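Listed below, chain by chain, are the residues.
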Amino acid sequence: MQRIGVFVCHCGTNIAGTVDVKAVAEALKNEPGVVFSTDYQYMCSQSGQNMIKEAVAEHRLTGIVVCSCSPRMHEATFRKTAQAAGLNPYMVEIANIREQCSWVHKDMPIGTEKAVILAKAAVAKVNLNAPLTPGESPVTKRALVIGGGIAGIQTALDIADAGFPVDIVETKPTIGGKMAQLDKTFPTLDCAACILTPKMVDVAQNEKIRIFSYSEVTDVKGFVGNFDVTIKRKARYVKEDVCTGCGLCTEKCPQKNVPNEFNLGMDNRRAIYIPFAQAVPKVATIDPNYCTMLKTGKCGVCSKVCTAGAIDYSAKDEYIEERYGAIVAATGFNPISMEKFDEFAYSQSKDVITSLELERLMNAAGPTGGTLLRPSDGEHPHTIVFVQCVGSRCAACEQKGKEYCSKICCMYTAKHAMLIRDKYPDTDVYVFYIDVRTPGKNFDEFYRRAVEEYGVHYIKGMVGKVSPEGGKLKVQASDLIYGKQLHIDADLVVLAAAIEPDKSARGLATMLTASMDTNDFFTEAHPKLRPVESPTAGVFLSGTCQGPKDIPETVAQAGAAASKVIGLLAKDKLLGNPCVAHSDEMMCNGCSTCEKVCPYGAITYQDKEFRMPDRTTKVRRIAVVNEAVCQGCGACTVACMSGAMDLRGFSSKQIMAEVDAICK
Amino acid sequence: MQVNEYKPLIVAFCCNWCSYAGADLAGNNRLNYPADVKIIRVPCSCRVNPMFILRAFQRGADGVIICGCHPGDCHYTSGNYYTRRRMALLFSMLDYLGIERERTRVEWVSAAEGAKFAATMKDFAEKVASLGENKRLEDLRCKK
Ligand SMILES: Cc1cc2nc3c(=O)[nH]c(=O)nc-3n(C[C@H](O)[C@H](O)[C@H](O)COP(=O)(O)OP(=O)(O)OC[C@H]3O[C@@H](n4cnc5c(N)ncnc54)[C@H](O)[C@@H]3O)c2cc1C
Ligand code: SF4
Ligand code: SF4
C-alpha cells in the first residue's frame, strides 16, 4: 500500500476563488492510501516545494498527488521536488483543478465537487504507480547527412565545425545539388557557382567530413544515438583515390553521344565523365549504360590514356556499414515532369523549356556558353513567354500537378526576366501569372524592379495553349485584368515547373521510419516549434526535402538542423522516456499484431526458452519492446489481444482505476 | 428549464499533445463548459482501450468521449487513425448492446482549439443529458 500525500494548491485565488480548497484537502483524507492531506497558497513556490519535501520525510510518503494547475505546466517541477525528497519522480500525479476545473466552472459547490473527483482519480492512479527509471543509451559521435546539395553541404560543414565527424552520402558523382546548376541567384544576383563552389571545396578539405558520392543508403537499423547504416558505393570503375581529375579520359572517350544530365540533356557528354569543372570529388565516373568496354569488352581507351592508372573495369558495388548518432535527410527536390502538360507543347518543341533548363542556357558553363540561344535553331529569341505555376497550386488538377505553391518560381522568373532584359534589351519578355508571391526580405522590391526598371510585361492570366507553327510558338492566353484574349508569337516559352521531393525520399523515409506528408515531403516533429526535427528521434531535416524553399531559407534550416545534431552528439548518453510499452512474456503469444501498429518499429520478436511445469523447456516467440525507440503512444497496448502489452506510467490498471474513481 | 435537474456523468479521454492542451487552453480563456465532464489524460487517443470505455459505462457513466489530434497531426503520426477505426467498431457494438450512438463520440481537438473543446463538451453534455440516465445498460451494469 502506498503512503500518499495530497497537496491542494490555492494558486492565489485562481483555484481558491471557485474551489473550496480546504474542503478538497479534507475530503481526500479518507481516500485509500492517503496518509496526509493539506492545502497551500502556492504549491510551486519554494516554500510550497519545501512543504512537500518535509511532508515526505515526516509522513514517510511513497506517493504524491498535487492538485494544481495543468501537468503540462508544473509536472516537471513537482517531479523534481519528489526527486529532491528522495522519491522516484514518477511517483507524482497531478490533478488539474485549475485549467480543467476552477477556470471553467463558475460555481463554488460544483467546482469543489469536481475538484474532489479529479483528486480522487489522481490518488487512485498513484496507488498503482511504480517507480520508473529512464533507460540510458550511449551516443555514437558521428553524423550522417543524406544528400549533398546546399542543404547537406551546410549542415555537414556546421556539424564538422563543432568538432564532430560527418559523412555525406550523395547519389550523384558530385555534391552540389541543384544550386550547382543555377546561373545567378535572387535576390542579389550573385553567381551560384561563386558562392557554392568555395563551400564544396571546404567540404572536400575538411578533415572531419567524408564524402561518399555516387552512393546510396540501403539500410538503416537502430535508433537515436546508434543508427547502423549500410551504404552502397556504386561501382564507378575509376579508383577515387587514384584519379587526379585531369579529365583527359573524358576528352578521349569515343562514346560521345550520352545525354548530359547536368545540362538536362541539352548537350552530350562521354561515357566517362566529370559532371562539371568544379565537381567534388573531382574524379571521373564511367556510365555503365554507355561504356562499350563494360558492355562488350572492347575499347579500353580511357584505361590507355589514364597516366595515373585509375581505371578499373572490374570494379563492383561495395557495401560499407557505419554507426551514426544522428541522421540528417537533405535529399532535396526535382522539377516535376512536364509530360502531363502537353498543352504547353513541351514534348513537341525544343523551344519550350523549363526554368531549370533556362538556367543552364544562361550559364557560362552551360551548353551555349552562356549566350541565350533557341535550342531548336541556335537563334537569339526575341519574344519570350514565361508561364508561372505549371503544376503548382493545382487543386483541381491533382492528377497532373501539385496542390501546393512551389514558392521559389515567382522569384526565379523575375530573376530570369530581369537578366534577359539586362543582357538583351531588344527582347520582349512576358510573364503570365496567377498571383505574384514575393514575401521575403527584399523580394518584392526585386520583383518591382523587373516590372518598373526592366520593363517586363507581367500579365495576370493563364496561358491556355502553346502551338509550334512555322518556327514560332503561338501562345494563346487570357488577360484577366483587361478581360481579353491574347495571341503572342513567341520564340521561346519557359515553364516554371512545380517542384517535388526527390523520388528516392519515400523509400528513405521508410528506412528511417520518418513520416512524410501526402506530397512526400518529410514531416517535421512540430510545424512551428520543431521545424528541423522529424518525429523520429535522431532524424533531422534540412532543405527542400521538407518543403519548397529558396537558398537563404535552405541554408538557415541547414544550420538549424546542424545545431540540433550538435546538441545530440554533445551528450554522452541519452535518457529515454520511461513511460514506454513492455510486454509480459508470460502472456505474449508472439502473434505479431503489435509490431504492425507501432509507428516507430520499436517492437521485435525473440525466441525465448521457458521452463514448463513438467521441467521440460519450450521455446516460444515473444515480443520485445526496444525502450530507446518506443515513444510511448500505446497503440500496441490496445492492439494486443492477449493483454500482454502494457504502457508504463499509463497502464491499463491505472487508467481503469481513474475511470472507477470518476464513475463512483 | 428542466425542473428535476439531472446531471450526466461524462468521461473524456484526451490525448496529451492536442486535446488535453486544447482543454487547458479552454481553461486559460475561461471558456465555460459543464462540470459533468471529467478528463482522463492519455498519451495518445490510441491508448484508449475499448475496455476502458466498457468499464466506464459499467460503472455508470452516461457518456464517453475520446479526443485526439486532427487526422494527420497525431504526435505519434498515426495513432488517431487507429482510434478512428477501433471506435467506429466499438460504438456500433455498443449501440447494439443498448448504449445509444449519441452517448459515445470521437472528436479531433487541436491544442489551439480551446473554443472547440468547450463547445464540443457543451454540445456532448447536452446531448447526453437529453437522453437521460444510461438505464438501458442496467442489466450489464454492476451499479446497484
Ligand atoms: C529554376 C530554379 C531556379 C532557382 N533559382 C534560385 C535563386 O535564384 N535563388 C535561390 O535562393 N534559390 C533558387 N532556387 C532554389 C534552389 O535551387 C534550392 O533552394 C536549393 O537548391 C535547395 O537545396 P537542397 O540541398 O535542399 O536540394 P538539392 O539542391 O536538390 O540537393 C539535394 C541533393 O541530394 C541528392 N539526393 C537526393 N536523393 C538522395 C538520396 N536518396 N541519397 C543520397 N543523395 C540524394 C541529390 O542528388 C542532390 O545532390 C532555384 C530553383 C530552381 C528550380
Ligand atoms: S507504445 Fe507506441 S511506440 Fe511504444 S512500442 Fe507500442 S506502438 Fe510502439
Ligand atoms: S500483440 Fe501482444 S501477444 Fe501479440 S506479439 Fe504483441 S505483445 Fe505479444
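Rules behind the numbers
Residues numbered from 1 in each chain as written. Chains lettered and ligands numbered in written order. Predicted model: local features only at pLDDT ≥ 70, side-chain atom pairs only at ≥ 80, totals over all residues. Heavy atoms only, no water. Helix = DSSP H or I, 4+ residues; strand = E, 2+ residues; numbered from the N terminus. Buried < 20%, exposed > 50% of the residue type's maximum accessible area, 1.4 Å probe, protein only. Areas by Shrake-Rupley, 256 points an atom, 1.4 Å probe, with all protein chains shown as cover. Lys, Arg positive; Asp, Glu negative; His and termini not counted. Charge placed at Lys NZ, Arg CZ, Asp CG, Glu CD. Contact = heavy atoms within 4.5 Å. Buried area = accessible area lost by both parts, 1.4 Å probe. Salt bridge = Lys/Arg side-chain N within 4 Å of Asp/Glu carboxyl O. Polar contact = N/O pair within 3.5 Å; in protein donor to acceptor, adjacent residues only side chain to side chain. Pairing = 2+ DSSP bridges. Axes fitted to C-alpha atoms, helices over the stretch in contact; angles between N-to-C directions. Parallel < 35°, antiparallel > 145°, perpendicular 65-115°, else oblique. Left-handed = near helix turned anticlockwise from the far one by under 90°. Nonpolar A, V, L, I, M, F, W, Y, C, P; charged D, E, K, R; others polar.

A. Representation of the overall build of chain A in the model. Tallying secondary structure elements over chain A gives 18 helices and 34 strands in all. A buried classification covers 55% of the 664 residues belonging to chain A. Here chain A displays about 28,600 Å² of accessible surface, and carbon together with sulfur accounts for 51% of that area. In chain A, the 75 positive side-chain charges and the 75 negative ones have mean positions that sit 3 Å from each other.

B. Molecular detail of the interface of chain B and chain A. Contacts between chain B and chain A engage 43 residues on the former and 42 residues on the latter. Buried area between chain B and chain A, summed over both chains or domains, comes out near 3,700 Å², and the portion from carbon and sulfur atoms is 60%. Between the two partners, chain B and chain A, sit 5 salt bridges. A salt bridge links D24 of chain B to R72 of chain A, with the shortest nitrogen-to-oxygen separation between them at 3.9 Å. Linking chain B to chain A there are 18 residue pairs in polar contact (both at pLDDT 80 or more). Of all the elements in the fold, those that place two or more residues in the side of chain B that touches chain A are β1 (10-15), α1 (19-28), β2 (37-42), α2 (50-58) and α3 (79-97) of chain B. No other element matches α1 of chain B, which puts 7 residues into the side of chain B that touches chain A.

C. A look at the pairing of strand β32 (residues 603-611) of chain A. Residue and element names in this part refer to chain A. Across 9 bridges, the pairing between β32 and strand β33 (residues 617-625) is antiparallel. Its bridge partner being in β33, I603 is matched across the sheet by V625. Hairpin connection, β32 to β33: the antiparallel pair is bridged by 5 residues, and R615 has positive phi, about 75°.

D. Inspection of the pattern of salt bridges at higher detail. Counted according to the given criterion, the structure contains 47 salt bridges over all chains. Notably, a salt bridge pairs E216 of chain A with K234 of chain A, separated by 3.3 Å at the nearest N-O pair. Of this pair, E216 of chain A sits in strand β11 (residues 215-223) while K234 of chain A sits in the loop between β12 (226-233) and α8 (248-252); the two residues are 18 residues apart in sequence, bridging distant segments of the chain. Among the salt bridges present, the one from R105 of chain B reaches D123 of chain B, with a minimum N-O distance of 2.8 Å.

E. Focus on the environment of N260 of chain A. All names here are of chain A. Of note, N260 is situated in the loop between β13 (258-259) and β14 (268-269). Assessed through its relative accessible area of 9%, N260 is described here as buried. Spatially, the C-alpha atoms of N260 and P275 are 8.2 Å apart, while their sequence positions differ by 15 residues. Not counting the four nearest positions on each side in its chain, N260 is found in contact with G265, M266, D267, N268 and R269.

F. Up close: the packing of helix α18 (residues 652-662) of chain A against α2 of chain B. The interhelical angle for the contact between α18 of chain A and α2 of chain B, taken along N-to-C directions, is 25°, at an axis separation of 9 Å. In terms of their interaxial angle, α18 of chain A and α2 of chain B are classed as roughly parallel. Helix-helix and strand crossings are classified by hand; for α18 of chain A and α2 of chain B the assignment is right-handed. Every residue of α2 of chain B that contacts α18 of chain A at S652, I655, M656, V659 and D660 of chain A is listed here: M51, F52, R55 and A56 of chain B. In terms of residue class, the contact of α18 of chain A with α2 of chain B is made up of 6 nonpolar, 1 polar and 2 charged.

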